[in-house]
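Descriptive structure summary
What follows is the residue order along each chain.
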Amino acid sequence: MITARAAATFEPVGRSVATARAFVRDTLQGWGCADIVDDAVVLTSELVTNAVVHAGTAADVLCLRSDGGVRISVADRYPEREIPLQHAGQAMAHPDREGGRGLLLCGALATRWGVEYTAAQKHVWFQLDLPERPAGTRSAGPALPVDALPVTDTRVRVSVIQIDRGGCISFWNDDSQDLFGYDPEQVNGKPLTDFAAWPHTPGTGTGIAEALQLSRWEGSYGIRGADGRVVPVYASHLRVRDADGEASTVCLLVRDHERAILQSPQRTPAPDAAAQAARSTVHPSDPFEVFIGSPAPDDLDGLLQRTVERARDMLDGDAAYLLLATDDETELEVRASTGLPSARQRFARVPVEAGSGRYGSARMPAVHEDLTAVPGAVPLLGGTGMRSVVTVPLKVEGRLTGSLGVAAEGPGRYTNEEALRLQFAADRIALAVERARLTELEKLRRGSLSFLVEASDLLAGTLDRDQTLALMAQMTVPTLATWCAVYTVADQTSEPELSYVLHEDEDRIDGLKTLLMKVDPPEPVPTPGARVWTAPADAAHDAALRTSMRSLGLGNAARPSTGPGATLATASAVGGETVVLPLVARNRVIGMLTLGKPTEEHFRQEILELAEDLSRRAALALDNARLYSERTAISQSLQRSLLPPEPLPDIAGVEVEVIYRAAGEGNEVGGDFYDLFPIRDGAYGFAIGDVCGTGPEAAAVTGLARHALRLLAREGFGGPAVLERLNAAILDEGARSRFLTLLYGELWPQDDGSSILKVVCAGHPLPLRLRQDGTVEPAAEPQPLLGVMDDLELYEQTVTLDPGDVLLCVTDGVTERREGTRMLGDDGLTDVLTTCTGLTAGAVAARVLRAVERFAAEPASDDMAILAMRVPEPQLG
């Protein structure tokens, strides 16, 4: 028999789901059916969502009350849309799919349910039976045996104490005197803290003075009696104000073992055992699965999102959110939300002791009836329009792992009863959430280790400063951040310089770089860790505001060089959280790594820790590249000072070509050297030599030899005397000396077109003379090398180069060019030279070099110098 009826129609818009939930809740509460309100609201929410969101039609909700329960029907106007059926071989639709999820909940929660079709509508209905209880009972517990009832004294004593706004006792009833032994005259006007033995739970930092300031509080502590013993009590505090507006706190206290007198009973009685067994044969009764839905999402984000949606529906809220605690429990991080701007709130962090929750922490349930009365009580909801909120902690083995909150746009929506129901649900999901979080954290840590190993390998693979800067940015974007900027600091007196900018969208790089160039760089603070830098977001916001005003014709500023679209896009790109990590190497700040997110996005704590590890490695790599660049620049500068000044002197009647290759990366001068210089009018000196070894030590002897040759030759010494004095100078170097092979000669061009050469070959590969007929012969005889013996007796030989003749001088890097066991040698060089008849000096030198390079596939491991001189043939005409 139908005893009451209520119906409503809801338009096909998202907001209708919340309105339908409120309609059902208000209806059932008005009928006195509070025990089934939560289940009815959850089922209605799913079915109305299917109608107005997925089917896209209006939803008709009909509530019918009978003697045994309530039947609710949700109809949509899309009868062609089929309902997923459950039969053998086919499972019910997955909860994450768009359709069929509401039917899973119907099967789990409803006593009966079904689907009816008409020509114009499809009806999904469910029935929830009311528990049997005396009429007018708001809530009740099961009948218990007498020995299971709580134990009290012969007469139950409830201590009533009133505390004024100063924290002093203003009322002390007779039961208080019986329980604790004090007369009212002994306690009135004294602070309650003089008598309370307050337990200090590690990590909470809350005392009785703070608890007395709360609107409601329940819990256990102790009262020191007149006999000195502490009486454990269970207390319920209520903050009130009198007609004059004076605030005070009423405290109801019973002995701790009598707490059932003040504590709220269970919301619903235990189900009948037979009915429970019958339902469990079809649907498991695990509270977690009933709340989340079976099967539960196997990923953390999916599980958290499902949790906030269920919590919102259960309490008929407008929004819900879930925060997870960091490893040290000092901060909470938003990981899921519904009804809030999730893109703006995701990964936002709130300090635990200043976050949402009772008495300034998230470690206890809390109810805020009106957030406008206590601005900033829940910073996460600032500016969202939410007025009332209930939050509960997620705890695993007594450790805070997160916080779950449900909020509503209207004030006074939630009481302690909703907090208990939400805490009941949070206790059922906390362990599953923690397991999923630890699994995600383990995956993230493994990925972080792999990322750092790869980053270290890449950074160690280069000593080029610009390439290191590019690698730093490319490794962070987009893996860690949306955009990155690297600042470098040359020395302690220099200002930071913007050295590299990268954005995941290449079209944004130029605009981002322009913006950062207008912003003062961050301070080079050596303090480790990431610090927030607001200057880019502020500058981007100002630029976007000015651009918008110009586009509307407001303001007197000149029009920007770029269009408003580019400026607004740049503002959006850098409008999120920006952090700066110092690049510290060898106790000095050498730069800053700046990472940014787009509008309203935040960094995860794990990402910041990974970025900090990367910044340490990148700083060392950047400093190594800097040191290497400085050393290379100094080395190259010194080496260039050892080369002959350019250009080489122009000798009338003689073609001269020199090719020089120093072995070793970054070397411009090695152990091989050459020189060509004027001695006096009509006479020129030339030399080509090879110092034992390579590198800086060999280059030092090279410089000694080249400068000594010039000085001695210009002093008028002949070839043998020049080399003998150079030999003595090398031996004077002692342990730093190196032996030296040297070909030195003097050149005199003649009027008849020929040239006379006087050469001394001290242990050096013999010079080769190419005649016009293609014959090749040595142009000197071998003599002892320099830097080994004190007394040398050297002599010079005279060679005449006729027109068309070529004199080729090389170092052993040419003749000792190897490919496996093969070596070019003197014979190979002779064969190459025989093919150079009629070529210019430059062409001869180039052909010899090409032959040397092609002789082996590997790069040359020894220095090479090639000096070719040719007497050109006279021009006819």
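As the structure is a prediction and not an experimental result, all values here were calculated from the model.

Taking 1.5 Å as the rise per residue, helix H18 (residues 719-731) with 13 residues should run 18 Å; its terminal C-alpha atoms sit 19 Å apart, in good agreement. Along H18, the residues classified as buried are Gly-719, Pro-720, Ala-721, Val-722, Leu-723, Leu-726, Asn-727 and Ile-730.

What follows concerns the sheet that holds strand E4 (residues 112-117). Remark on secondary structure: sheet strands pair via backbone hydrogen bonds, oriented parallel or antiparallel. Overall, antiparallel pairing links the 5 strands, which are arranged E1-E2-E3-E5-E4 in an open sheet. Each edge of the open sheet carries a strand with a single partner, namely strand E1 (2-10) and E4. Along the sheet, successive strands turn relative to each other by an average axial angle of 15 degrees, direction set aside. In this structure, strand E3 (residues 69-76) lies alongside strand E5 (residues 122-129), joined through 8 bridges in antiparallel fashion. Its bridge partner being in E5, Ser-73 is matched across the sheet by Trp-125. The sheet contacts of helix H1 (residues 15-30) involve E1, strand E2 (59-66) and E3, and relative to E1 the element is tilted by about 165 degrees. With respect to the sheet, helix H2 (residues 37-55) is in contact with E1, E2, E3 and E5, its orientation differing from that of E5 by roughly 175 degrees.

A word on the packing of aromatic side chains. Applying the stated criterion across every chain, the model contains 6 aromatic pairs. Feature note: the residues Trp-172, Phe-180, Tyr-182 and Phe-195 constitute an aromatic cluster, connected by ring pairs. Over the ring of Phe-855 we find Arg-822; its NZ or CZ atom is 4.4 Å from the centre of that ring.

Let's shift gears to the environment of Asp-650. The residue Asp-650 is located in the loop between helix H16 (605-642) and strand E23 (655-661) in this model. On a C-alpha basis, the gap between Asp-650 and Leu-676 in space is 9.9 Å, while along the polypeptide they are 26 residues apart.

Here Tyr-500 lies in strand E19 (residues 497-503). We classify Tyr-500 as partly exposed; its relative accessible area is 24%. Considering only alpha carbons, one finds Tyr-500 and Met-472, 28 residues apart in sequence, at a separation of 9.3 Å. For Tyr-500, the residues in contact, after removing those within four places along its chain, are Leu-469, Ala-470, Ala-473, Gln-474, Cys-484, Ala-485 and Val-486.

Right, let's get into the sheet that holds strand E6 (residues 159-163). A sheet is described by the order of its strands in space; here 6 strands give the open sequence E7-E6-E11-E10-E9-E8, paired in antiparallel fashion. The sheet is open, and its two borders are formed by strand E7 (169-172) and strand E8 (196-197), each paired with just one other strand. Across 9 bridges, the pairing between strand E10 (residues 230-241) and strand E11 (residues 247-255) is antiparallel. Each residue of the ladder has a partner; that of Arg-239, found in E11, is Thr-249.

Another point: the pairing of E5. Counting buried residues along E5, 7 of its 8 residues qualify, which places the element largely inside the surrounding structure. With 6 bridges joining them, E4 and E5 adopt antiparallel strand pairing. Across the sheet, the residue bridging to Val-115 is Val-124, located in E5.

Direction vectors running N to C along H1 and H2 enclose 150 degrees, while the axes themselves pass 9 Å from each other. Judged by the angle between their axes, H1 and H2 are roughly antiparallel. In this structure, H1 meets H2 at a crossing whose hand is right-handed. Across from Ser-16, Val-17, Ala-20, Arg-21, Val-24, Arg-25, Leu-28 and Gln-29 in H1, the residues of H2 making contact are Val-37, Asp-38, Ala-40, Val-41, Thr-44, Ser-45, Val-48, Thr-49 and Val-52. Among the residues forming the contact of H1 with H2, the class breakdown is 9 nonpolar, 5 polar and 3 charged.

Scoring rules and cut-offs
- Residues numbered from 1 in each chain as written.
- Predicted model: local features only at pLDDT ≥ 70, side-chain atom pairs only at ≥ 80, totals over all residues.
- Heavy atoms only, no water.
- Helix = DSSP H or I, 4+ residues; strand = E, 2+ residues; numbered from the N terminus.
- Expected span 1.5 Å × (residues − 1).
- Buried < 20%, exposed > 50% of the residue type's maximum accessible area, 1.4 Å probe, protein only.
- Pairing = 2+ DSSP bridges.
- Axes fitted to C-alpha atoms, helices over the stretch in contact; angles between N-to-C directions.
- Contact = heavy atoms within 4.5 Å.
- Phe/Tyr/Trp six-rings, centres within 6.5 Å; stacked < 30°, edge-to-face > 60°.
- Lys NZ or Arg CZ within 6 Å of the ring centre and 35° of its normal.
- Parallel < 35°, antiparallel > 145°, perpendicular 65-115°, else oblique.
- Left-handed = near helix turned anticlockwise from the far one by under 90°.
- Nonpolar A, V, L, I, M, F, W, Y, C, P; charged D, E, K, R; others polar.

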